[in-house]
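Residue-level listing of the chains:
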Amino acid sequence: MMIEMEVNNRKVSAEPGETVLTALERAGIKVPTLCHLATLSPTGACRMCVVEVEGQRNLVPACAFPAAEGLKITTHSPRAVRARKTIIELLLANHPDDCLYCMRSGECDLQDLAREHGVRDRRFCGGRNVHRLDVSSPAILRDPDKCILCGKCVRVCEEIQGVGAIDFLGRGSQAIVGTAFNQGLNISSCINCGQCVTVCPTGALREQSHLKEVSAALHDSDMMVVVQHAPSISVTIAEEFGARPGHDASGTLNAALRRLGFDRVFDSAFAADLTIMEEASELVQRIQTGGRLPMMTSCSPGWVKFVEQQYPDFRENLSTCKSPQQMLGAVIKTYFADKAGVPPEKIFSVAVMPCAAKKFEAQRPEMGRDGLADVDAVLTTRELVRMIRNLGMDLRALDPEPADDVLGERSSAGKMFGVTGGVMEAALRTAHHLLTGTELPALRLKPLRGLRGVKHARVTINGLELGVAVVSGLGNAIKLLEELRAGRDDLHFIEVMTCPGGCIAGGGQPFKTDIAAVRARMRALYTIDRDEPVRMSHHNEALQRLYREFLGAPLGERSHALLHTHYVQREVVR
Amino acid sequence: MIANDDVGAVLDGYAQPRREHLIPILQEVQDRQGYLSQEAMIRIGERLHLPASKVYGVATFYNQFRFQPKGRVHCTVCRGTACHVKGSLALLETIKRMLKIDAGQTTRDGAFSLEVVACMGACGLAPLVTLNEEFHAAVSVDSIQRIIRKQLKASEADARAK
Ligand code: SF4
Ligand code: SF4
Ligand code: SF4
Ligand code: FES
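Asks: It is not clear to me how the overall build of chain B should be interpreted in this structure. Could you clarify?
Replies: Scanning chain B from N- to C-terminus turns up 7 helices and 4 strands. Dimensions along the principal axes, computed over C-alpha positions, put chain B at roughly 50 × 40 × 25 Å. When burial is assessed residue by residue, chain B has 44% of its 162 residues classed as buried. Restricting to contacts in chain B with at least 6 residues of sequence separation, those with at least 24 account for 62%. Just so you have it, chain B exposes about 9,000 Å², and 51% of that area is on carbon and sulfur atoms. Averaging the coordinates of the 21 positive side-chain charges in chain B and doing the same for the 17 negative ones gives two points 6 Å apart.

Asks: For this particular structure, what's the right way to read the sheet that holds strand β12 (residues 295-296) of chain A?
Replies: Note: strands within a sheet are paired through backbone hydrogen bonds, in either parallel or antiparallel orientation. All names here are of chain A. With respect to topology, 4 strands assemble into an open sheet ordered β12-β19-β18-β17, the strand pairing being mixed. The outermost strands of the open sheet, each flanked by one partner alone, are β12 and β17 (454-461). Sheet topology places β12 next to strand β19 (residues 493-497); 2 bridges connect them, and they run parallel. Residue pairing across strands places Met 296 opposite Ile 494, the latter belonging to β19. Contacting β17, β18 (464-472) and β19, helix α14 (residues 422-436) crosses the sheet at an angle of about 150° to β19.

Asks: Would you mind going over the site of ligand 3 with me for this structure?
Replies: Residues and elements named next belong to chain A. Residues in contact with ligand 3, as listed here, are Cys 147, Ile 148, Leu 149, Cys 150, Gly 151, Cys 153, Val 177, Cys 200, Pro 201, Thr 202, Ala 204 and Leu 205. The cavity that encloses ligand 3 is the second largest cavity. The class makeup of the residues in the shell around ligand 3 is 10 nonpolar, 2 polar and no charged.

Asks: Is there a simple way to explain helix α4 (residues 52-61) of chain B in this structure?
Replies: Burial analysis of α4 of chain B places 8 of its 10 residues in the buried class, the great majority of the element. Check the buried side of α4 of chain B and you find it contacts α4 (152-160), β7 (166-169) and β8 (176-179) of chain A together with α2 (22-33) and α3 (38-48) of chain B.

Asks: Can you help me understand the interface of chain A and chain B in this one?
Replies: Many authors give the size of an interface as the accessible area that is lost as the parts come together. Taken together, the 17 residues of chain A in the interface contact 13 residues of chain B. Carbon and sulfur atoms supply 58% of the area that chain A and chain B bury against each other, a total of about 1,300 Å² over both sides. The largest contributions to the chain A side of the interface with chain B come from Arg 171, Phe 181 and Arg 574 of chain A, which together make up 49% of the buried area. Where chain A touches chain B, the interface holds 2 salt bridges. In terms of residue class, the side of chain A that touches chain B is made up of 8 nonpolar, 5 polar and 4 charged.

Asks: I tried to follow the site of ligand 1 on my own but got confused; where do I start?
Replies: As a structural note, the neighbourhood of ligand 1 is formed by His 95, Pro 96, Asp 98, Cys 99, Cys 102, Ser 105, Cys 108, Lys 146, Thr 202 and Gly 203 of chain A. Residue classes in the shell around ligand 1 are distributed as 4 nonpolar, 4 polar and 2 charged.

Asks: Help me understand the packing of helix α8 (residues 268-289) of chain A against helix α10 (residues 324-340) of chain A, please; the structure alone is not making it clear to me.
Replies: Two quantities define a packed helix pair, namely the angle between the helix axes and the distance between the axes. Residues and elements named next belong to chain A. The contact between α8 and α10 brings their axes to 8 Å, and the two run at 100°. As summarised for this structure, α8 and α10 are arranged roughly perpendicular, according to the angle between their axes. Packed against α8, whose contacting residues are Ser 268, Phe 270, Ala 271, Ala 272, Leu 274, Thr 275 and Glu 278, the element α10 presents Pro 324, Met 327, Leu 328 and Val 331 at the interface. Taken together, the residues of the contact of α8 with α10 break down into 8 nonpolar, 2 polar and 1 charged.

Asks: Quick question: what am I supposed to make of the packing of aromatic side chains here?
Replies: Each aromatic ring pair is described using two quantities: the centre-to-centre distance and the angle formed by the ring planes. Enumeration according to the criterion identifies 7 aromatic pairs over all chains in this entry. On the basis of an interplanar angle of 40° and a centroid distance of 5.8 Å, the ring pair of Phe 306 of chain A and Tyr 311 of chain A is categorised as tilted. By the burial criterion, Phe 306 of chain A is buried, and Tyr 311 of chain A matches it. Here the aromatic cluster, defined as three or more aromatic residues joined through ring pairs, consists of Phe 181 of chain A together with Tyr 56 and Phe 67 of chain B. Of note, Arg 104 of chain A hangs over the ring of Phe 511 of chain A, and the distance from its end group to the ring centre comes to 3.4 Å. Sitting above the plane of the Phe 360 of chain A ring, Lys 305 of chain A keeps its charged end 5.9 Å from the centroid.

Reading the values: the criteria
Residues numbered from 1 in each chain as written. Chains lettered and ligands numbered in written order. Predicted model: local features only at pLDDT ≥ 70, side-chain atom pairs only at ≥ 80, totals over all residues. Heavy atoms only, no water. Helix = DSSP H or I, 4+ residues; strand = E, 2+ residues; numbered from the N terminus. Buried < 20%, exposed > 50% of the residue type's maximum accessible area, 1.4 Å probe, protein only. Contact = heavy atoms within 4.5 Å. Areas by Shrake-Rupley, 256 points an atom, 1.4 Å probe, with all protein chains shown as cover. Lys, Arg positive; Asp, Glu negative; His and termini not counted. Charge placed at Lys NZ, Arg CZ, Asp CG, Glu CD. Pairing = 2+ DSSP bridges. Axes fitted to C-alpha atoms, helices over the stretch in contact; angles between N-to-C directions. Near = heavy atom within 4 Å. 1 Å grid on protein atoms, 1.4 Å probe; cavity = no way out; pocket = protein on both sides within 12 Å on 5 of 7 lines; lining within 4 Å. Sits in = over half its atoms within 2 Å of the grid points. Nonpolar A, V, L, I, M, F, W, Y, C, P; charged D, E, K, R; others polar. Buried area = accessible area lost by both parts, 1.4 Å probe. Salt bridge = Lys/Arg side-chain N within 4 Å of Asp/Glu carboxyl O. Parallel < 35°, antiparallel > 145°, perpendicular 65-115°, else oblique. Phe/Tyr/Trp six-rings, centres within 6.5 Å; stacked < 30°, edge-to-face > 60°. Lys NZ or Arg CZ within 6 Å of the ring centre and 35° of its normal.

Structure follows, in structure tokens:
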């Protein structure tokens, strides 16, 4: 039964149990919000979303007010608009007017709201915020001066990711969002996922930018600068240039990267295929030799750090495989360097990632050899967009180009690394082949698809029934770990992606990503998988050549040295 | 470090310590140790299944908690209404300047600590300052300067004697 309401003298219907805000959104009526998070319960903290409801003396926050039959709502009455404008003016009272220099300028909610509401002068004068800039983390930069205390980062970190690295400290005009004991983020329990950055409405949280380093390398004629792009980038980046969500821009992305001056453009999905060869072999080996099960994926660096610091007893369960980013980095500075006749120290290796934690991963000391890091710089999708705009380019105006061969070929299985469940499907395809010599009869494993945070399936290979689980959003992973601790034993293999939905919703993806966009990106990846001829990692020809010419066999000596890693127990403040 | 297990003893006083016990637990630990150490807050968080950031966040919300041990001379300035009217803000600023610390802090040598308190219920004596529980009533900026200067001299002499 739908509920009928009257909004701005028009009929708007709502579902029982939903809030006024979601009903308005569906009807295409925009009411501004600052503290609202679609996936969490409302707090009503900012009061930006206030509307007028007939019979209510005070304005009510639409995000927290339940829709009800017969409500008469005015969303933009003079009183509501004035109230919103006052809230903005109060927020600006102690804000540093930094817009010209602010990385968030142009996509800042606070700036947008001030403009939309015609704020033209500083009506309230408070003392400007003066707090320490926290640059201690390799992935996330905190600039509390620009914080408007909406609390979204705190809630995402605690309620969705289950980490709780940050919280409100102090009170009143002295309140800030900070870590335990107001120390650097680098020694906190922060896992660098960047989810707080994507929900922050201002420039108070942002990624540690590597743009300077990349641009310096590009202008160094002595260096060969190579770039890899992660599977989820091509189905996301075009949105920033006006395409509808879900448009796959692989070809134009390659073209743009070449125009930016990168000497070689590689596809991280090639290394995803490589990861699958190693990881599926590892799974088969663990099953056959009684190794530690359930095996857990290790391609999501936030999750890996979390296990190291909070569940170190599960370190042995993590696959020893490096992530695709790091595998490709290692192969670039060995196999490719050799092939290209360039000494590895003359290669500057860049990765474009949907992720802030990849910046942390790249600087882990074990991710390299002979004092050379495997990956020298990591750019988020957002940073690459800035770089492309900086050169006055528009992705849409470019003709598609292929990635460079050798390390640019991929199967569609590798491409699926971008979405929750994708790694699992890809790994099962190859594990089936390893165990039986034949292909999985039905490639599409429906229970593992979709954006649900927890998915399960049982797959029988050669009479062996495997229990597999797929979780995304670290909070869901924690629940599963607790079940395992309590004795759950029906699982062989678990895929974990730190961000809800996987890399397509990663902490480095464009701001203002909504669930519809994430769904469209997911569909784009599945469409690629449906339509392409090479759908299994072990069918990637270039990859098989890499094994023949260089690596030998999966889990072999060279693979072990270059593609596998180990985990440490990490002390953090938590 | 603190040898005895104050934190353990406080936590043991609760059969099943839960989140709503956080503030009383913090108070009891501070009563025993004089302040809240990072180690104490981390341990409390572990037992209550709360991240350290939350424990610290709650503790910093209330003025009553301090995060550094008290100094050998602990100075409190009353900021209740009566004392305020009689000029306690100027006293506070004077003491802060002389000791080079903020309210809630302890000097690096551990000699002095400073705290702001709400009304002590002795409004007739306003403005009121205490040094190690010794009351100084109706102090002026001049008299507080003399008092603090004397204490500073004494602590310097102590340091030299060591
Ligand atoms: S956070 Fe937003 S409003 Fe503040 S300086 Fe940056 S762009 Fe301007
Ligand atoms: S990056 Fe992730 S873990 Fe770190 S503070 Fe932000 S949300 Fe929390
Ligand atoms: S840092 Fe950003 S998300 Fe967090 S409270 Fe401040 S403004 Fe909100
Ligand atoms: S968005 Fe509704 S109160 Fe903040």
